[in-house]
Amino acid sequence: MPQKVFFKQLELDVLESVYTPQEDSFLLAEHVRIPTKATVLDLGCGTGIQGLNAALQGASRVVCTDINPMALKNAKQNASKNGFEKNFVFQESDLFSGLPPDEQFDCIIFNPPYVSSEKNKKWIETDGGKKGREVLDRFLESFGTFLKENGMVFFVQSSVNGLVQTEKKLKQLGFLFEIIARKKLFFEELVVFKVEKNH
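The model shown is predicted, which means the values in this text are computed figures rather than measured ones.

A. Layout of helix α2 (residues 49-56). In terms of residue burial, α2 counts as a mostly covered element, since 7 of its 8 residues are buried. Among all positions in α2, only I49, Q50, G51, L52, N53, A54 and A55 are buried. In the segment just after α2, G58 is the residue with positive phi, at about 100 degrees.

Below, the structure written as structure tokens:
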């Protein structure tokens, strides 16, 4: 029997080799607010918790991507189980690589892997590359292309990986941002960034 996780009225199965929603996932989902009828990208979808949370808020279309084919299978299963499969598209992708280059979204949601490669020999789901920032930095450099003019980005980050560095990078790239949530854990603080284009 697969492990089960509950969030709001969602019941999610967690298949083997798929990231189990944890404090970071729930903190992000609790603070994402999207407009009704929004088009949403759930990047690195895992079980699909972020995309399904967006669907609960009235998203018209949700694209779930993940580098792990098992995660896509898992997210599809959970979308079907919770009655949202008609709104969803599933695409294997390393960050944005599997998407059409001209596709844009009202909202992009991302829970990036942030464990450094040196400490993480097993799980691609949590491997953030060198210093745990490699995936996050690639994301920061790329997401603007896929964001509509009045779109929003929500992502979670650990204080272990340099919040100041992220803020500096977003400023350099010309985005408006704020930290909308914080949660202190034993050895780190999790924060949720909300980012918008600077008009």
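So that's the structure; there's more coming.
B. Focus on the pattern of salt bridges. Taken as a whole, this structure holds 11 salt bridges when the rule is applied. For K81, the salt bridge is made with E11, and the minimal N-O distance between the two is 2.9 Å. Linking K81 in helix α3 (residues 69-81) with E11 in strand β2 (residues 10-14), this pair joins segments that are 70 residues apart in sequence. Looking at E11, the relative accessible area reads 27%, which means it is partly exposed. The salt bridge involving K184 is made with E189; its shortest N-O contact spans 3.4 Å. With a relative accessible area of 67%, K184 lands in the exposed category. Accessibility expressed as a relative area gives 14% for E189, which makes it buried. Sharing partners across several salt bridges, the network here consists of K4, E11, D13 and K81.

C. Structural context of the environment of C64. When you line up the elements, C64 lands in strand β4 (residues 61-66). A relative accessible area of 0% places C64 in the buried class. Taking the C-alpha atoms as reference points, C64 and C45, 19 residues apart in sequence, are found 5.6 Å from one another. Apart from residues lying up to four places away in sequence, C64 is in contact with D42, C45, L72, F88, V89, F90 and Q91.

D. Main features of the confidence of the model for the protein. Chain-level statistics for the protein give a pLDDT mean of 89 and a share of 89% at 70 or above. In the model, residues 116-129 has pLDDT below 50 throughout and makes 34 contacts with residues more than four positions away in sequence or in other chains.

E. Quick look at the packing of aromatic side chains. One pass over the structure, following the stated rule, counts 10 aromatic pairs. Aromatic pair F7 and F26: ring centres 6.0 Å apart, planes at 20 degrees, arrangement stacked. Linking F7 in strand β1 (residues 3-7) with F26 in helix α1 (residues 23-31), this pair joins segments that are 19 residues apart in sequence. Exposure remark for F7: the relative accessible area of 7% places this residue in the buried category. Judged by relative accessible area, which is 22%, F26 ranks as partly exposed. Measuring from ring centre to ring centre gives 4.9 Å for F155 and F193, while their planes differ by 10 degrees; the resulting arrangement is stacked. Placement of the pair is F155 in strand β7 (residues 147-158) and F193 in strand β9 (residues 189-197), with a sequence separation of 38 residues. The exposure class of F193 is buried, given its relative accessible area of 0%. Each member of the aromatic cluster is reached from another via a ring pair, and the members are F96, F110, F139, F143, F146, F155, F175, F177 and F193.

F. Unusual backbone geometry, seen in detail. The backbone of K37 sits at a positive phi, close to 70 degrees, despite the residue not being glycine. Despite not being glycine, L95 shows a phi value in the positive range, around 50 degrees. Locating L95 in the fold gives a position in the loop between β5 (88-92) and β6 (105-110).

Thresholds, definitions, all that
Residues numbered from 1 in each chain as written. Predicted model: local features only at pLDDT ≥ 70, side-chain atom pairs only at ≥ 80, totals over all residues. Heavy atoms only, no water. Buried < 20%, exposed > 50% of the residue type's maximum accessible area, 1.4 Å probe, protein only. Helix = DSSP H or I, 4+ residues; strand = E, 2+ residues; numbered from the N terminus. Salt bridge = Lys/Arg side-chain N within 4 Å of Asp/Glu carboxyl O. Contact = heavy atoms within 4.5 Å. pLDDT = per-residue confidence, 0-100. Phe/Tyr/Trp six-rings, centres within 6.5 Å; stacked < 30°, edge-to-face > 60°.

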